[in-house]
Amino acid sequence: MLSVTGLTMRFGGLKAVDDLSFEAAAGEITAVIGPNGAGKTTVFNCITGFYRPTEGGIALTNDQGVRFALDRMAGHRIASRAKVARTFQNVRLFAGMTVLENLLVAQHNVLMRASGLTIFAVLGLGGFRKAERRGLDNARHWLDRIGLLDRADDMAGALPYGAQRRLEIARAMCIDPVLLCLDEPAAGLNPRETEALNALLQTIRADGCSLLLIEHDMGVVMRISDHIVVLDHGKKIADGTPAEVRADSAVIAAYLGEGDEDEDEAAA
């Protein structure tokens, strides 16, 4: 469903991503991994419209066969038309809003269209009321899925960190995406919270949403991913199943470092 071809991103003299190509299949969890500074978040920013690639193409084909050239679309169009949602490395909730309001904000565009730019809402016309009910039902559905329905009226900033992570994923899912991009969703989670996250992501995939994942926790990556792409210094060094990537010598060298020849001889 997602095809990245010859993707290159330069910042002045720095080439953060260098001629990257890979594909992500529909209904799968694809992980993009690599050491710090490998270019992973830059790739996400290109896919989701925060950066316009220097070179290359990014195309998404949805389940109706409609193709979107993401590298040529504005960021808000990528979310609203191509239905690509994302979360961030650092939690970006509206801390001063309630948990429920955070999920309604994600549906703002739909509700504003139904309100006729607030006119229908002020007059209380039926079309807006129906859209509002659907928005509330959708929000409550996701709060139930992430175990936060009983905290719907609490401020989002008062939630524990793990719950904030789940809420951010639920907010992204409120736009009914075909592709969900997650930037280090397990960062800072304890083992119990990580297990809950794994279960949530697997149920999202089972519902038909494809996932693209950046993650440093190799336990998460190897456990839930169908396909892994490995970057190092902006270049792809491996691409395959978890078993293939785990055994790849280039991946081992990138993560663990290659030993000095003298040290290797002494060890031998």
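Some points on helix α1 (residues 40-47)
Now for step 1: Counting buried positions along α1 yields seven of eight residues, so the element is predominantly enclosed.
Now for step 2: Listed as buried for α1 are K40, T42, V43, F44, N45, C46 and I47.

A few points about the packing of helix α7 (residues 161-173) against helix α8 (residues 191-206)
Two packed helices can be described by the angle between their axes and the distance between those axes.
Now for step 1: Taken N-terminus to C-terminus, the directions of α7 and α8 make an angle of 10°; their axes are 10 Å apart at the nearest point. Overall, the two elements α7 and α8 adopt an arrangement that is roughly parallel. Taken together, the residues of α8 that come into contact with α7 (itself represented by G162, I169 and M173) are E193, L197, L200, L201 and I204.
Now for step 2: Grouping the constituent residues of the contact of α7 with α8 by class yields six nonpolar, one polar and one charged.

Here we look at the pairing of strand β7 (residues 179-183)
Now for step 1: Within β7, five of the five residues are buried, leaving the element largely enclosed by the surrounding structure.
Now for step 2: Looking at chain direction, strand β6 (residues 84-86) and β7 are connected through three bridges and run parallel. When the bridges of β7 are listed, R86 appears paired with C181.
Now for step 3: Of the strand pairs in this sheet, β7 and strand β8 (residues 210-214) are connected by five bridges, and their pairing is parallel. Bridged to L179 within β8 is S210.
Now for step 4: Taken together, β7, α8 and β8 constitute a β-α-β crossover, and its handedness is right-handed.

The rules behind the values
- Residues numbered from 1 in each chain as written.
- Predicted model: local features only at pLDDT ≥ 70, side-chain atom pairs only at ≥ 80, totals over all residues.
- Heavy atoms only, no water.
- Buried < 20%, exposed > 50% of the residue type's maximum accessible area, 1.4 Å probe, protein only.
- Helix = DSSP H or I, 4+ residues; strand = E, 2+ residues; numbered from the N terminus.
- Axes fitted to C-alpha atoms, helices over the stretch in contact; angles between N-to-C directions.
- Parallel < 35°, antiparallel > 145°, perpendicular 65-115°, else oblique.
- Contact = heavy atoms within 4.5 Å.
- Nonpolar A, V, L, I, M, F, W, Y, C, P; charged D, E, K, R; others polar.
- Pairing = 2+ DSSP bridges.
- Right-handed = clockwise from strand over helix to strand, strands pointing away.

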